[in-house]
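# Structural overview for review
Each chain is listed here by its residues.
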Amino acid sequence: MTDFVLRPWEEADAASLVRWADDPAVAANLRDVFPSPYTPADAAWFIRDCMDREGRDQLCRAIALGGEAVGCVTVTLGTDVGRRSAELGYWLGRAWWGQGIMTEAVGRMCRLAFSVWDILRIQAEVFAPNTGSRRVLEKAGFTLEGTRRAAVYKNGQVTDACVYALLKEERT
């Protein structure tokens, strides 16, 4: 596996964020809130949002290789009756897929979230056809809890969504 660092986002990361996020193959497996194309204005907004919300209701980390931000992993606290739960989201630049980076990043981020917040579970929802992302979660110790049929409409296609979770007592 390639060595990487998980660190808070910095304003100086904007150019590398655009470089790696502005890829239709990355955006294809993410919610529509992830812009495509990904512009410098999108990067500036995202980095500011991460900095503003850090520790309050989310933990957001850049995945940095050689000082360059090439991906992201975020855990966001739930609200209301879901306040003891959190949601995991992540993406990685295509050049780095299949190298074990995201599995390790997810594991580190979940350990951090469980240590910082009084939460019982972290859940993630991935598009069913995204076998790479599903494998990341399974290798990181997550359990498939169910499939939401015809739950996603992305790029003119309807697909299922798979819901995974990691309980605090299951973390590694």
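Structural notes, computed from the coordinates. (Residues numbered from 1 in each chain as written. Predicted model: local features only at pLDDT ≥ 70, side-chain atom pairs only at ≥ 80, totals over all residues. Heavy atoms only, no water.)

### Notes on the pattern of salt bridges
Going through the model one piece at a time under the given rule, you end up with 14 salt bridges. Of the charged contacts in the structure, one is a salt bridge between Asp118 and Arg84, with a shortest N-O distance of 3.1 Å. You can see Asp118 sitting in the loop between α4 (101-116) and β5 (121-127) and its partner Arg84 sitting in the loop between β3 (68-77) and β4 (85-92), a full 34 residues away along the chain. Across the pair Arg148 and Glu125 runs a salt bridge, and its minimum N-O distance is 2.6 Å. Of the two residues, Arg148 sits in strand β6 (residues 143-154) while Glu125 sits in strand β5, which places them 23 residues apart along the sequence. Judged by relative accessible area, which is 40%, Arg148 ranks as partly exposed. Look at the salt bridges and you will find they share partners, linking Asp49, Arg53 and Asp57 into a network. (Salt bridge = Lys/Arg side-chain N within 4 Å of Asp/Glu carboxyl O. Helix = DSSP H or I, 4+ residues; strand = E, 2+ residues; numbered from the N terminus. Buried < 20%, exposed > 50% of the residue type's maximum accessible area, 1.4 Å probe, protein only.)

### A short note on the nonpolar core
One finds Trp9, Leu88 and Phe142 to be the most contacted residues of the largest nonpolar core, which totals 52 residues. When residues in this core are grouped by element, the largest group, 8 residues, is from α4. When neighbours within four sequence positions are excluded, Phe142 is seen to be in contact with Leu88, Val106, Cys110, Ile122, Gln123, Leu137, Tyr164, Ala165 and Leu166. (Core = buried A, V, L, I, M, F, W, Y, C linked by side-chain atoms within 4.5 Å. Contact = heavy atoms within 4.5 Å.)

By themselves these figures say nothing about function.
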